[in-house]
Amino acid sequence: MGEDQGGRSARVRYLTVVEVADLMRVSRMTVYRLVHAGELPAVRVGRSFRVPQDALDAYLRSSATVEPEGLGEERRSS
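Nothing here was measured: the structure is a model prediction, and the numbers come from that model.

## Some words on the overall build of the protein
Counting secondary structure elements, the protein contains 4 helices and 3 strands. Looking at the protein residue by residue over its 78 residues, the buried ones come to 19%. Long-range pairs, those at least 24 residues apart, make up 37% of the contacts in the protein with a sequence separation of at least 6.

## Considerations on helix α3 (residues 53–63)
Among the residues of α3, A55, L56 and Y59 are the ones counted as buried. Summarising the axial view, the buried residues of α3 lie within an arc of 100 degrees, below the 170-degree limit, and thus occupy one face. Looking at the buried residues of α3, the elements they touch are β1 (14–16), α1 (17–24), α2 (28–36) and β3 (48–52).

## A word on the packing of α1 against α3
Direction vectors running N to C along α1 and α3 enclose 30 degrees, while the axes themselves pass 12 Å from each other. Crossing handedness for the pair α1 and α3: right-handed. Here V20, L23 and M24 of α1 lie close against α3, whose contacting residues are L56, Y59 and L60. Considered class by class, the residues forming the contact of α1 with α3 number 6 nonpolar, no polar and no charged.

## A short note on unusual backbone geometry
For residues that are not glycine, phi is negative in most cases, and the peptide bond is trans in most cases. With a phi angle near 60 degrees, R25 is a residue other than glycine that sits in the positive phi range. Secondary-structure assignment places R25 in the loop between α1 and α2.

About the thresholds
- Residues numbered from 1 in each chain as written.
- Predicted model: local features only at pLDDT ≥ 70, side-chain atom pairs only at ≥ 80, totals over all residues.
- Heavy atoms only, no water.
- Helix = DSSP H or I, 4+ residues; strand = E, 2+ residues; numbered from the N terminus.
- Buried < 20%, exposed > 50% of the residue type's maximum accessible area, 1.4 Å probe, protein only.
- Contact = heavy atoms within 4.5 Å.
- Arc of directions from axis to C-beta.
- Axes fitted to C-alpha atoms, helices over the stretch in contact; angles between N-to-C directions.
- Left-handed = near helix turned anticlockwise from the far one by under 90°.
- Nonpolar A, V, L, I, M, F, W, Y, C, P; charged D, E, K, R; others polar.

Listed below in structure tokens is the structure:
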């Protein structure tokens with residue numbers, strides 16, 4: 001694992017499925033589907049899953065959609 005700026009070992013924070021669902025404002029089943037589809041990395045601990053915080057952050061960044069500027073203007077016809 002990496003080190004933070006203070007030279008201390010950085011610790012990975014793991015979230016439960018319920019915590020991920022709350023943060024994303026989706027159902028637990030949606031999180032389970034993302035994990036089982038391989039879209040959201042997770043670690044299995046016994047019968048439950050834990051999602052690394054950085055994996056969730058990366059997933060949300062990569063899934064963000066932004067409408068390109070000027071798209072509405074290009075669709076106008078004269």
